[in-house]
Structures are given as C-alpha cells and as structure tokens.
Amino acid sequence: MRLLAISDLHLSHPENRAALHDIPDHGGDWLIIAGDVAERLEYQDMALHLLAQRFAKLIWVPGNHDLWSVPRAGEPRLRGAARYRRLIEMARSHDALTPEDPYLEWPRPNRQTGRYCIIAPLFLLYDYSFRPASVARAKVRQWARAGQSDCSDEVWLRPDPFATREDWCDARIRDAERRLMMLPEDRDTVLVNHWPLRADLIRIPRIPRFTPWCGSVRTADWHGRFRARAVVTGHLHTRRTDIIDGCRFEEVSLGYPQQWHQQSGILHYFREILGDEQPARRASSRLQPHIHDNGIVLA
C-alpha cells in the first residue's frame, strides 16, 4: 500500500488524455491529485472517474486552471467560489477527499517513530506576496511583463464573491490554519496544495517573474508548525525533491506534452510519498534539481 502523487495533468492536451488511460489498476494504493487536471469540467469528471477505478482512494485539490471561468458551450460559466463548489461536488461524487472534507489518517505508522500521519488537502491560492519587496502590488503585471511573464489567472480566475484574489487567499489560509492547529500533536502530516508553500522552492529560470502567482509568504513555516513529513505541490512544472528541516517538499507536476517524455509513460512521473517510509523513489535521481528548460510557460 502506497500513497502516490501527481499534478498538472493538463488534460486539454490530447497526448495527456491518452496517457491517462494507460494507468493500470493499483490495488490498495492511494493517489494525490495536486491540481490542474483540466479547464473543462468534462475532463475533470473523466479523470476522476478513471482514476477512482484504479486507486483505492483519491485525494484531490484544485489548481488555478481548474478554477478558470472560460466560456464553453454546454458548460455553466461558474465564477470563483461557485466554480470551486462545483469541483468539490464532482470530486466527492467519485469518493475523492477534498479540502472541504475531514482530513484522513494514513493507516500505517512510520516504522521508525511509530507515529501516524494525517493527509491534509489544502486550497490556499496566492496573494502576490512572492513578488520582490520593491514591486508594488499595483505594478505586479507591469513588472512581470517586462520579464516576459504574465498569468492568465488575471483574466480567467475570478474571486467572486470576494473582492480580490488576495481576499480569497486570506480566507483560505485562515481556515486551513485553524483546522491544522486542531490536529493532535502526536500526528505527523502530509500537506497537499497546488501552489508552493515556500518562495525559496520556486526555480523557474525561463519565467522568473511568474512568482507573484505562486503562493503566500504566510505558509513558509507550515511544514514545521504542522509536523509535515512531506509537502506535496505542483504548479511550477519543475519536478523535483527538496529537503528542508528534514521535511520532503515534492513538486509532482506532469506538465504540458513537451515537458514530459511520452515514451517513458505517465507512471514514470508518479511520486511515492508514503509507503515503505523510505525517501521518495523514481528511476532518476530524486535528490537533485530536475528543472525543465521549456521556454516561456504560463503555468
């Protein structure tokens, strides 16, 4: 029994949709889906249906692409929190654990410490605080565009009924923090969020000014405060493992078709988070930076 993770499936691309069907049955394994499944609700539903048949349990969190309110024929144009609620309903219909559900305990204790671990799916958004201190909030897009970066969220990710994305982010962080503080101190955690929890883990050399849309400085110490054994995120399309204060930070993106090798198969990109209580394993070195030079990508 293992806890695996993947994110940024981006099923609007037919190559990624085709690869999804190659995933075999995983018996008792659980799967984290860390956001950016697809912009279209029909692809979300298809992915959750397929993966629920192949894994014993799904843990799902939304990404920014999932929350986009793009006009599409035959699909309701839900904005902000209404779109999020629709995604929650869809995930629950496939028995997936969501950020709105009680956190779930992994059934096996750590072999070395004997401590159990609680899996905590989060939806925290971002508040532009990863921008340089010298850049005013009102100048973020101008500054980013000067470095050939921008984010389509500014058009498609609406914060309704909140006035701003920062307000929505603040509400999400406050709620998650309250719930995490209530966890028993004799439990470790796996924190799951689409956006990174720390700015120092963002290494996107081709679009370095994309950082304002990547998280909040308010979560930088959560791995320590909430006894995280691992933090699982996506969004950056830079698959890697980092270890900080003994905690594994796992960026588990698949990405766009040009960012992964189809000949290796999609299973090559699934990350083991829990199972035999050993460090995460994959065919290539897991403890070295693995950054893809893909040109300018609006994640």
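Everything quoted here is computed from the prediction, not taken from an experiment. (Residues numbered from 1 in each chain as written. Predicted model: local features only at pLDDT ≥ 70, side-chain atom pairs only at ≥ 80, totals over all residues. Heavy atoms only, no water.)

**Q** Explain the overall build of the chain to me, and be specific about the residues and the numbers.
**A** Looking only at helices and strands, one finds seven helices and 10 strands in the chain. For a compact globule of 299 residues, the expected C-alpha radius of gyration is about 19 Å, and the chain comes in at 18 Å, within 12% of that figure. Projected onto the principal axes, the alpha-carbon positions of the chain cover approximately 50 × 40 × 35 Å. Looking at the chain as a whole, 57% of its 299 residues are labelled buried. Sequence-distant contacts, at least 24 apart, represent 75% of the contacts inside the chain between residues at least 6 apart. (Helix = DSSP H or I, 4+ residues; strand = E, 2+ residues; numbered from the N terminus. Rg over C-alpha atoms; globule rule 2.2 N^0.38 Å. Buried < 20%, exposed > 50% of the residue type's maximum accessible area, 1.4 Å probe, protein only. Contact = heavy atoms within 4.5 Å.)

**Q** Now, about the sheet that holds strand E5 (residues 116-121): what can you tell me, with residues and values included?
**A** If you walk across this open sheet you meet the six strands as E4-E5-E6-E7-E9-E8, and the pairing is mixed. Bordering the open sheet on either side are strand E4 (104-106) and strand E8 (240-244), each of which pairs with just one other strand. Neighbour to neighbour, the strand axes of the sheet diverge by 20 degrees on average, direction disregarded. (Pairing = 2+ DSSP bridges. Axes fitted to C-alpha atoms, helices over the stretch in contact; angles between N-to-C directions.)

**Q** Account for the sheet that holds strand E2 (residues 30-34), naming residues and giving values.
**A** Taken in spatial order, the four strands of this open sheet run E3-E2-E1-E10, and their pairing is mixed. Two strands in the sheet have a free side with no partner beyond their single neighbour: strand E3 (57-61) and strand E10 (271-274). If you compare each strand with its neighbour and ignore which way they point, the axes differ by 25 degrees on average. Bridge analysis of E2 against E3 gives five bridges, and the strand direction is parallel. If you follow leucine 31 over to E3, its bridge partner there is leucine 58.

**Q** Can you explain the pattern of salt bridges? Please cite residues and give values.
**A** By the definition in use, this model includes 24 salt bridges. Taking the shortest distance from any N to any O, the salt bridge between aspartate 170 and arginine 218 comes out at 2.8 Å. Highlighted residues: aspartate 170 in helix H6 (residues 165-181) and arginine 218 in the loop between strand E6 (187-192) and helix H7 (222-225), separated in sequence by 48 residues. Assessed through its relative accessible area of 24%, aspartate 170 is described here as partly exposed. (Salt bridge = Lys/Arg side-chain N within 4 Å of Asp/Glu carboxyl O.)

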